[in-house]
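Descriptive analysis of the structure
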Amino acid sequence: MYEIDPEKEAIEIENGYKRILKAWKPKKKTKEDVALIRKAFDVAVEAHSKDRRKSGEPFIYHPIAVAEITAQELGLGKTSIVCALLHDVVEDNKNYTLDYIKKEFGETVAKIIEGLTKIDKVSSINGSISPQSETFRKILLAFAYDIRVILIKLADRLHNMRTLEFMPRDKQIKIASETEYIYASLAHRLGYYNIKSELEDLSLKYLEPEVYKMIDDKIQEKKKDYLRFINKFVYPIKHDIAELGLKFEIFARFKSVYSIWKKMSDKKVDFDDIDDLFAIRIVIDSPPALEKFDCWKVYSIVTNYYNPKQDRLRDWISTPKANGYESLHATVMSNTGQWVEVQIRSKRMDEIAENGLAAHWKYKEKSDNVDTRLDQWINQMKNLIENHKIESEEEEDAVEFIDEFKPNLFNDEIFVFTPKGHLRTLPKGASVLDFAYAIHTDIGNHCIGAKINNSLASINEILKNGDQIEILNSKKQYPKESWLEMVITQRAKARIRMAINTMKKEKFDEGKKKVSEWLKELNIEVNDVAFNELLMKSKRHSLSDLFFDVAIGTLNFDDIKSLYKSPEKSRWYSSLPFFGKAKSSGKSLDEIIKDQADIDPTPLLLNSETTNLDYTLCKICNPIPGDDVMAVVSPGREIIIHRTNCPEAIKHMAQFGNRIVKAKWRKEDKTVGFLTRIELKGIDRKGLIAEISTIIGNNFNFNIRTLHIKASEGIFEGKITLYVSDTDALQHLIHELKQVDGIQSVVRVNRR
Ligand code: MN
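Everything numeric here is computed off the predicted structure, so don't read it as measured data.

**Description of the overall build of the protein chain**
Counting secondary structure elements, the protein chain contains 30 helices and 19 strands. For the protein chain, buried positions account for 46% of its 752 residues. A separation of at least 24 residues holds for 66% of the contacts in the protein chain among residues at least 6 apart in sequence. Element-wise, carbon and sulfur atoms account for 50% of the exposed surface of the protein chain, whose accessible area totals about 39,500 Å².

Have a look at this one:
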């Protein structure tokens with residue numbers, strides 16, 4: 001029970017003031033600024049003199065704590081500290097009006113206080129809407145005011161969460177779920193990772209007390225073992241780093257209760273299945289000019305003792321994450337056979353990673369002050385809102401615009417970043433193309449793909465929250481009808497349609513001219529009837545589509561020529577027994593081929609020693625042992641072996657339809673004598689080709705026949721023909737190649 005003791009409380013209040021001043025770290029503490037904070041402090045003490053918190057403590061403890069958090073943990077300046085001290089004054093004491101605040105503390109402070117008050121007010125008026133969406137709406141509203149409104153609100157919430165135990169259970173649940181849903185995400189987005197983590201843990205503690213306790217207990221229980229392990233693990237490293245003369249600290253970073261719980265529920269695993277409960281962090285104290293070099297020195301020491309996992313090296317020092325995160329991460333094998341993540345970074349990087357904006361300012365502020373940086377940030381946020389206005393292509397005032405936001409914005413919108421780290425919001429489900437068009441119409445029109453978080457992605461890849469996207473362009477690319485299926489934003493759809501229509505207009509005459517020439521060549525009189533006949537045959541939607549396809553080469557003379565021959569051809573097709581059957585049974589050609597191959601009960605057995613046998617392997621599909629194959633017998637008794645899905649087989653069927661023989665590979669010796677083709681795609685880097693060749697030649701002992709590599713705009717495309725033994729080995733090789741750093745896809749292909 002709290003015992004009221006005015007004398008003690010007066011001392012505690014005064015101590016609070018001292019703590020705030022200590023936490024406040026401006027470049028220069030002027031007398032005027034100190035006086036301003038003192039004035040705000042005194043006003044707050046006076047205004048709240050009669051109020052007490054649920055815990056029984058004087059209410060003023062709360063604004064003092066919020067001001068302290070604002071200065072210490074958020075790293076904000078005097079204006080924010082003043083506002084934090086006054087944040088509940090206008091609302092709780094009718095004697096203090098906004099006009100009074102404006103008169104005493106100026107317009108900016110009054111505006112921020114107004115914003116803070118509004119956030120609270122709207123919620124009490126509007127009880128019908130879900131409290132969470134409502135709060136978020138208000139937070140967006142606050143963006144229109146001043147970002148400090150949100151930051152102080154975050155500090156306010158953090159202190160309320162830290163003292164939530166005194167609230168009744170129903171309020172605890174409401175506040176905790178709102179915190180998890182909104183404030184933790186907000187803290188994360190603002191780069192306050194420590195605060196985010198604390199808010200998440202606190203909300204879980206109140207929402208799922210038993211789960212929280214269970215996980216927390218288990219962590220404490222395991223900690224001792226881990227610490228013993230970690231001590232052993234770092235022992236040799238410590239020695240060597242010290243020998244280099246570097247100043248450093250080594251920590252063990254344990255996963256938060258909340259993130260363990262998240263992983264357990266997302267992946268449906270037990271606590272004991274979580275293998276990355278901790279990471280080892282080595283923080284070195286190096287000057288900025290040397291920090292990268294020194295981090296790599298440490299990496300070299302670590303890997304002297306422990307083998308690194310090849311694909312787990314993350315170098316966010318050379319290319320920091322969009323949110324500014326810098327660190328070197330490696331996963332190494334400990335002596336006891338356990339993978340351990342080691343994070344290597346400088347003290348500066350560590351502070352930015354932990355404290356986001358607060359640390360940024362500390363390190364980046366050389367000349368300009370915190371408030372200027374804040375203003376820049378506010379402007380960025382305002383731009384974000386402005387962009388949405390353009391998106392909806394209507395002029396509205398700010399409030400109406402916010403009403404337009406879907407209530408559950410967090411679920412329907414994703415936040416992604418440009419390569420320079422600028423934030424863009426897109427609807428959930430948006431693709432690379434949507435993003436490209438959101439940047440610029442030309443970027444969209446020429447988009448050939450993207451690098452998402454440095455991994456190659458196709459134009460229809462769906463974006464995820466937090467992705468950083470670099471669009472890859474090619475002058476040769478142009479929008480296609482099929483793109484309309486790949487986008488969900490109206491903007492992208494409209495731009496694609498516009499581009500296609502423009503192109504069609506441009507290409508109309510060009511295509512028409514070509515078609516006319518071709519028709520003449522086919523001895524067909526050129527007129528509208530002929531055009532329309534061709535339109536029907538070509539199965540295009542309109543003449544402009546037809547001419548367009550001709551102009552860009554999708555339809556060529558051979559295609560057109562074959563259209564005029566097709567009636568004859570189809571008669572011939574249907575004369576084949578299986579083709580007639582197919583039409584009625586509705587089977588695919590592939591299935592028919594298989595059926596047909598089954599008719600002959602004695603399969604042709606294929607050896608791997610091709611020389612002894614009287615058959616040829618199809619040069620298009622290149623069957624290899626293990627493939628489903630069939631033999632097609634030509635009139636000259638030549639046997640050609642195809643894969644059952646070979647496109648070339650379709651042509652052969654038309655010619656030798658009823659001479660299809662079932663074929664099977666004999667399972668025996670493994671001769672590496674079968675030609676096959678694979679295509680690789682990925683991100684180009686030094687040494688990639690050497691690595692691929694090594695795997696094929698040394699690891700698998702296959703021979704490469706031809707190797708074509710095309711690298712442009714950072715994308716690497718390789719076509720390799722090689723001799724392999726069978727499908728199992730080929731699958732194995734493909735699997736191995738996919739593990740190579742940078743390789744995005746490896747597929748077996750036919751010859752084209
Ligand atoms: Mn408050």
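And the narrative resumes.
**Looking at the side chain of His-87**
Along the chain, His-87 turns up in the loop between helix 4 (78–86) and helix 5 (89–92). Among the residues examined, His-87 registers a relative accessible area of 5% and is labelled buried. Engagement of the side chain of His-87 in a polar contact is seen with the backbone oxygen of Ala-84, the distance being 2.7 Å.

**Structural notes on the sheet that holds strand 9 (residues 455–457)**
Sheet architecture is open: three strands sit in the order 9-8-10, paired in antiparallel fashion. This sheet does not close on itself; its edge strands, each paired only once, are strand 9 and strand 10 (469–473). Averaged over all adjacent pairs, the angle separating strand axes in this sheet is 30 degrees, with direction ignored. Sheet analysis places strand 8 (residues 447–452) next to strand 9, joined by three bridges and oriented antiparallel. Residue pairing across strands places Ala-450 opposite Ala-457, the latter belonging to strand 9. The strands that helix 20 (residues 432–439) touches are strand 8 and strand 10; relative to strand 8, the one it contacts most, it runs at about 100 degrees.

**Some remarks on the sheet that holds strand 3 (residues 314–315)**
Here we have five strands laid out as an open sheet, ordered 1-2-5-4-3, and mixed in their pairing. Looking at strand neighbours, the two that pair on one side only are strand 1 (248–254) and strand 3, the edges of this open sheet. In terms of strand pairing, strand 3 meets strand 4 (residues 328–333) through two bridges, oriented antiparallel. Its bridge partner lying in strand 4, Asp-315 is registered against Leu-328. With respect to the sheet, helix 12 (residues 209–244) is in contact with strand 1, strand 2 (278–284), strand 4 and strand 5 (339–346), its orientation differing from that of strand 1 by roughly 155 degrees. Across the sheet, helix 14 (residues 288–305) lies against strand 2, strand 3, strand 4 and strand 5, angled at about 155 degrees from strand 5, the strand it touches most.

**Topic: helix 23 (residues 528–538)**
Along helix 23, the residues classified as buried are Ala-530, Phe-531, Leu-534, Leu-535 and Ser-538. For helix 23, the buried positions fall inside an angular range of 145 degrees around the axis, keeping them on one side. Of the residues in helix 23, the exposed ones pointing more than 90 degrees away from the buried face are Asp-528, Val-529 and Met-536. The opening residue of helix 23 is Asn-527, an N-cap whose side-chain oxygen sits 3.1 Å from the backbone nitrogen of Val-529. The positive-phi residue at the C-terminal boundary of helix 23 is Lys-539, with phi of around 55 degrees.

Rules behind the numbers
- Residues numbered from 1 in each chain as written.
- Predicted model: local features only at pLDDT ≥ 70, side-chain atom pairs only at ≥ 80, totals over all residues.
- Heavy atoms only, no water.
- Helix = DSSP H or I, 4+ residues; strand = E, 2+ residues; numbered from the N terminus.
- Buried < 20%, exposed > 50% of the residue type's maximum accessible area, 1.4 Å probe, protein only.
- Contact = heavy atoms within 4.5 Å.
- Areas by Shrake-Rupley, 256 points an atom, 1.4 Å probe, with all protein chains shown as cover.
- Polar contact = N/O pair within 3.5 Å; in protein donor to acceptor, adjacent residues only side chain to side chain.
- Pairing = 2+ DSSP bridges.
- Axes fitted to C-alpha atoms, helices over the stretch in contact; angles between N-to-C directions.
- Arc of directions from axis to C-beta.

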